[in-house]
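The lines below spell out each chain.
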Amino acid sequence: MRFAIPVALLMLGACSSEPSEADRQAAVAEVEANQEAPPEMLDPRPIRYPDIEKYGLYGAGCNFAPDGGGLGAIALAMANEGYMKRGEEILRFAADKGSDELPYLARRKYDGKDYSFTLDLDRDSGAPTGDETSDYSGTLTVKDGKDRVVYRATGIAQCGA
């Protein structure tokens, strides 16, 4: 009988619903491995004339300036390439030739190394603003490599040569 109580206690311990320390550590490691950090939001900077000169960013296409952001375009969408500025770095994007064509040979979508951007225009809003330019209401959406939105703004897309 003296042995029956300790054996019963050992059996209860073996049947316990409490996970072992090794099981707990494995579960924590699995949760940590599957956690995804929130996306790092992008704060695009205006592409100024010195940037355009320095990098030769001339040509027909559409330039996007967000509402309330002044006249400085934060995205350039051209026939073959698109550009944005992060800090002092000019980001280069390849035009997605399978996406819709916008005025002046610009494309709706551009893909880069770390980001992609989409420029959506309200084509009915187009109003001539010069000999070879028109302004459209538009939305710029930038996504990171995991297809998460890191920037979105409405504003004016000026398209022209």
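Remember, it's a predicted structure, so these values are computed and weren't measured experimentally.

**Some points on the overall build of the chain**
Part 1 of the argument: Scanning the chain for helices and strands turns up three helices and eight strands.
Part 2 of the argument: Walking the chain from its N terminus toward its C terminus, one meets helices and strands in the order α-α-α-β-β-β-β-β-β-β-β.
Part 3 of the argument: Counting over 161 residues, the chain shows a buried share of 34%.
Part 4 of the argument: Carbon together with sulfur atoms contributes 53% to the accessible area of the chain, which is approximately 10400 Å² in total.

**Let's talk about the confidence of the model for the chain**
Part 1 of the argument: Averaged over all residues, the pLDDT of the chain is 88; the fraction at 70 or higher stands at 89%.
Part 2 of the argument: Confidence drops under a pLDDT of 50 for residues 6-10, and excluding neighbours within four residues, the segment shows zero contacts in the predicted structure.

**Re the sheet that holds strand E5 (residues 109-112)**
Part 1 of the argument: One closed barrel accounts for eight strands, arranged E1-E2-E3-E4-E5-E6-E7-E8; its pairing is antiparallel. For this sheet, the mean inter-axis angle between neighbouring strands, taken without regard to orientation, is 30°.
Part 2 of the argument: Inspection of the sheet shows strand E1 (residues 61-66) paired to strand E8 (residues 149-160) by six bridges, in the antiparallel sense. Opposite Ala 65, over in E8, you have Ile 156 as the bridge partner.

**Quick word on the nonpolar core**
Part 1 of the argument: If you look at the biggest cluster of nonpolar residues, it comprises 25 residues, and the most contacted ones within it are Met 84, Phe 117, Leu 119, Leu 121, Leu 140 and Val 142.
Part 2 of the argument: Elements that contribute at least two residues to this core include exactly E1, strand E2 (75-78), strand E4 (89-95), strand E6 (115-128), strand E7 (133-144) and E8.
Part 3 of the argument: Sort the elements by how many residues they give to this core and E8 lands first, with five residues.
Part 4 of the argument: When near neighbours in sequence (up to four residues on either side) are disregarded, Leu 119 contacts Cys 62, Phe 64, Ala 77, Leu 102, Arg 108, Thr 139 and Ala 157.
Part 5 of the argument: If you look at the next biggest cluster of nonpolar residues, it comprises eight residues, including Ile 47, Ala 73, Met 78 and Tyr 83.

**Points about the state of the cysteines**
Part 1 of the argument: Under the defined criterion, the tally for this structure stands at one disulfide.
Part 2 of the argument: What pairs with Cys 62 in a disulfide is Cys 159, and their sulfur atoms sit 2.0 Å apart. When the S-S torsion is 110°, as for the bridge of Cys 62 with Cys 159, the disulfide is right-handed. With a gap of 97 residues between them, Cys 62 in strand E1 and Cys 159 in strand E8 connect regions that are remote in the sequence.
Part 3 of the argument: Judged by relative accessible area, Cys 62 falls into the buried class, the value being 0%.

**With respect to the pairing of E6**
Part 1 of the argument: Here E5 runs beside E6; their pairing, made up of three bridges, is antiparallel. Paired with Tyr 110 across the bridge in E6 is Phe 117.
Part 2 of the argument: Linking E5 to E6, which pair antiparallel, is a turn of two residues.
Part 3 of the argument: With ten bridges connecting them, E6 and E7 associate as antiparallel partners. For Pro 128, the partnering residue across the bridge sits in E7 and is Ser 134.
Part 4 of the argument: If you look at the hairpin formed by E6 and E7, you'll find four residues sitting between the two strands.

**Here we look at the side chain of Thr 141**
Part 1 of the argument: Mapped onto the elements of the fold, Thr 141 is located in strand E7.
Part 2 of the argument: A relative accessible area of 9% places Thr 141 in the buried class.
Part 3 of the argument: Here the side chain of Thr 141 touches Arg 152 through a polar contact of 3.2 Å, side chain to side chain.
Part 4 of the argument: If we skip the residues at most four places from it in the chain, Thr 141 touches Ser 116, Phe 117, Thr 118, Val 149, Tyr 151 and Arg 152.

Criteria and cut-off values
- Residues numbered from 1 in each chain as written.
- Predicted model: local features only at pLDDT ≥ 70, side-chain atom pairs only at ≥ 80, totals over all residues.
- Heavy atoms only, no water.
- Helix = DSSP H or I, 4+ residues; strand = E, 2+ residues; numbered from the N terminus.
- Buried < 20%, exposed > 50% of the residue type's maximum accessible area, 1.4 Å probe, protein only.
- Areas by Shrake-Rupley, 256 points an atom, 1.4 Å probe, with all protein chains shown as cover.
- pLDDT = per-residue confidence, 0-100.
- Contact = heavy atoms within 4.5 Å.
- Pairing = 2+ DSSP bridges.
- Axes fitted to C-alpha atoms, helices over the stretch in contact; angles between N-to-C directions.
- Core = buried A, V, L, I, M, F, W, Y, C linked by side-chain atoms within 4.5 Å.
- Disulfide = S-S within 2.5 Å.
- Polar contact = N/O pair within 3.5 Å; in protein donor to acceptor, adjacent residues only side chain to side chain.

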